[in-house]
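Structural characterization, general
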Amino acid sequence: MARDHLLNCELLFSRLLCGLGAGVSEAILVVTPMETVKVKFINDQRSANPKFKGFFHGVREIVRDQGIRGTYQGLTATIMKQGSNQVGHPTAQSSPRSHDEQFDPVSSRLFGSTLWSP
């Protein structure tokens, strides 16, 4: 009994860690560069004299002017947001399927509601 509980705790921890890793990877590889470029494009289009002629031209100009770091502004905040968003998803998605006989709909809904973040 105690061994099963320990294995379940290890499984839960590894799933939480995998979710955190997925969120951090997502933030670094995809979300931060896209969000940064999007915001710079919006600000450029609102200016009196826009300098970006299209997506690829805009990205090329950002990298030329500011280097690759120009596409990673706000990385720390995005890592915190994406990491916290993804930390519980592997556990929430796999727990009901792997423990059907122990599935409790009330606790599942409570756990799922804690994963929501604005």
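Residues numbered from 1 in each chain as written. Predicted model: local features only at pLDDT ≥ 70, side-chain atom pairs only at ≥ 80, totals over all residues. Heavy atoms only, no water.

1. Thoughts on the overall build of the protein
Looking only at helices and strands, one finds 5 helices and 0 strands in the protein. When contacts within the protein are restricted to residue pairs at least 6 apart in sequence, those whose partners lie at least 24 apart make up 64%. Working note: accessible area of the protein is about 8,600 Å², and carbon and sulfur atoms make up 63% of it. (Helix = DSSP H or I, 4+ residues; strand = E, 2+ residues; numbered from the N terminus. Contact = heavy atoms within 4.5 Å. Areas by Shrake-Rupley, 256 points an atom, 1.4 Å probe, with all protein chains shown as cover.)

2. Here's the deal with the environment of Lys 40
For Lys 40, the position within the fold is in helix α1 (residues 2-46). Take Lys 40: its relative accessible area is 15%, and that puts it in the buried class. Sequence spacing of Lys 40 and Thr 71 is 31 residues, and the spatial spacing of their C-alpha atoms is 9.3 Å. A polar atom in the side chain of Lys 40 sits 2.4 Å from the side chain of Gln 66. Among the polar contacts made by the side chain of Lys 40, one reaches the side chain of Gln 73 at a distance of 3.4 Å. (Buried < 20%, exposed > 50% of the residue type's maximum accessible area, 1.4 Å probe, protein only. Polar contact = N/O pair within 3.5 Å; in protein donor to acceptor, adjacent residues only side chain to side chain.)

3. Observations concerning helix α2 (residues 55-66)
In this model α2 runs 16 Å from its N-terminal to its C-terminal C-alpha over 12 residues, within 8% of the 16 Å that 1.5 Å per residue would give. Buried residues of α2: His 57, Gly 58, Glu 61 and Ile 62, and no others. All buried residues of α2 fall inside an arc of 135° around its axis, so they share one side. Residues of α2 that are exposed and point more than 90 degrees away from the buried face comprise Phe 56 and Arg 64. Gly 67 sits one or two residues past α2 and shows a positive phi near 80°. (Expected span 1.5 Å × (residues − 1). Arc of directions from axis to C-beta.)

4. Here's the deal with the packing of aromatic side chains
Under the criterion given, the structure shown has 3 aromatic pairs. With 5.3 Å between their ring centres and 80° between their planes, Phe 55 and Phe 56 make a pair best called edge-to-face. The class of Phe 55 is partly exposed, set by a relative accessible area of 40%. (Phe/Tyr/Trp six-rings, centres within 6.5 Å; stacked < 30°, edge-to-face > 60°.)

5. Examining a nonpolar patch on the surface
A contiguous nonpolar surface patch, about 640 Å² in accessible area, is contributed by Ile 28, Leu 29, Val 30, Met 34, Phe 55 and Phe 56. Of all elements in the fold, only α1 and α2 reach the threshold of two or more residues within the nonpolar patch. At 4 residues, the largest contribution of residues to the nonpolar patch is made by α1. Residue placement: Phe 56 occurs in helix α2. (Patch = residues over 30% accessible without salt bridge, like charges linked within 9 Å, V, L, I, M, F, W, Y side chains within 5 Å. Salt bridge = Lys/Arg side-chain N within 4 Å of Asp/Glu carboxyl O.)

6. Examining the environment of Glu 26
Looking at the element boundaries, Glu 26 is found in helix α1. Residues Glu 26 and Gly 83, spaced 57 residues apart in sequence, show a C-alpha to C-alpha distance of 8.4 Å. Those residues in contact with Glu 26, other than ones at most four positions away along the chain, are Val 31, Gln 82 and Gln 86. Side-chain polar atoms of Glu 26 contact the side chain of Gln 82, separated by 2.6 Å.

7. What to know about the side chain of His 57
By the secondary structure assignment, His 57 is in helix α2. The contacts of His 57, once residues within four sequence positions are left out, are Lys 51 and Phe 52.

Structural measurements only, silent on function.
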